[in-house]
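The primary structure of each chain is shown beneath.
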Amino acid sequence: MIRIIVPILRNFLQYTFLLLYNTIIDSSAILNSSPRIPFSRLNCYILLKRPDMNLNEYQNYHETKSHTTAEFPYNTYLCSIPKDFPHVPLHWHAELELIVIKKGKGIVSADLEKRSVTSGDIILIRPGQLHSIDQEDGYAMEYENIILKPELLISGDNDLCAVRFILPFINGEIPSETFLTPALPYYKNVSECIRQIDLLCDARTEGYQLAVKGLLFQFFYLLISNRQKKETASVSQTKSLEKMKTILKYVEEHYSEHITIDDMAALTYYSKSHFMKF
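In short, a report on the structure. (Residues numbered from 1 in each chain as written. Predicted model: local features only at pLDDT ≥ 70, side-chain atom pairs only at ≥ 80, totals over all residues. Heavy atoms only, no water.)

Details of the side chain of aspartate 198
Defined as follows: Every helix listed is a DSSP run of H or I at least four residues long, and every strand listed is a run of E at least two residues long, numbered separately from the N terminus. Partly exposed describes any residue whose relative accessible area lies between the buried limit of under 20% and the exposed limit of over 50%, with all areas from a 1.4 Å probe on protein chains only and scaled to the type maximum. For this analysis, residues touch if any pair of their heavy atoms sits within 4.5 Å.
As for its position among the elements, aspartate 198 is in helix H5 (residues 187–203). We classify aspartate 198 as buried; its relative accessible area is 13%. Sequence-distant contacts of aspartate 198, defined by excluding residues within four places in its chain, comprise Thr76, Lys102, Glu144 and Ile146.

Some points on the pairing of strand E7 (residues 141–148)
Regular strands show a simple pattern: their side chains alternate between the two faces of the sheet. Worth spelling out the cut-off: When DSSP finds two or more bridges between a pair of strands, those strands are recorded as paired.
Counting buried residues in E7 gives seven out of eight residues, a clear majority hidden from the surface. Of the strand pairs in this sheet, strand E1 (residues 74–81) and E7 are connected by eight bridges, and their pairing is antiparallel. By the bridge assignment, tyrosine 77 is partnered in E7 with asparagine 145. Pairing between strand E3 (residues 96–110) and E7: eight bridges, direction antiparallel. Following the sheet pairing, lysine 103 is matched in E7 by glutamate 142.

Here we look at helix H6 (residues 208–225)
Our working definition: Each helix should span, by expectation, one fewer than its residue count multiplied by 1.5 Å.
Over its 18 residues, H6 runs 26 Å from end to end, which matches the ideal 26 Å to within 8%, given 1.5 Å per residue. Looking at H6, one finds that the buried residues are Tyr208, Val212, Leu215, Leu216, Phe219, Phe220, Leu222, Leu223 and Ile224.

Below you can see the structure in the form of structure tokens.
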């Protein structure tokens, strides 16, 4: 039973630690009068979803290579699998990334969920999200990588757009589709934003950066205004969540005692076998 409870408690404490970390970072940003991007709450999500992955293991996937310049932290480049490299291994970084599939088919993992992607698909990767790109058997894939730092869209601590929309969106507090496909009603508009940005970056006329920023704001406006509505949790989901809270509370109060599976089953009103599947 301890082998079951300890990972749950460990991740609960990690989650609490990360929330505290965010609070410290947010306070520091106010004191220093400079915008800072907090350690993404998506990291908490990853750690809770993967009880076998601790914080140190998660940090091992951190890609530290800089993809942008300090003056204008936006960059785009084309890649091909398997021509350029066989795959892109699981990793995360502090930048926001858009993976735009140009030709062929492949497999993209985001939030530890693998999906088959094809020409036209756009995958949104938030800062801190674990993701990878792989070849699909029998297919090659060409795609465009768009990398940008969130600071590009933030003008300061009192920036209303940043506080109410950009930062909550980046941190996952404002939900959005990760895989943007032609099946979405607003797909045509978001893909047009990317097409226009690509044309601007190719031409690089005087002041093109202004237009790029404007189109990026338009892109995120479309995602936020069409955001995935939070579904009301089903009765079963709500009950499961409440039972998990009950378990965590019990462990917190009785961690020094001998805790058995029978105790946990009785606490959640499950049979022993049902609790083991919970």
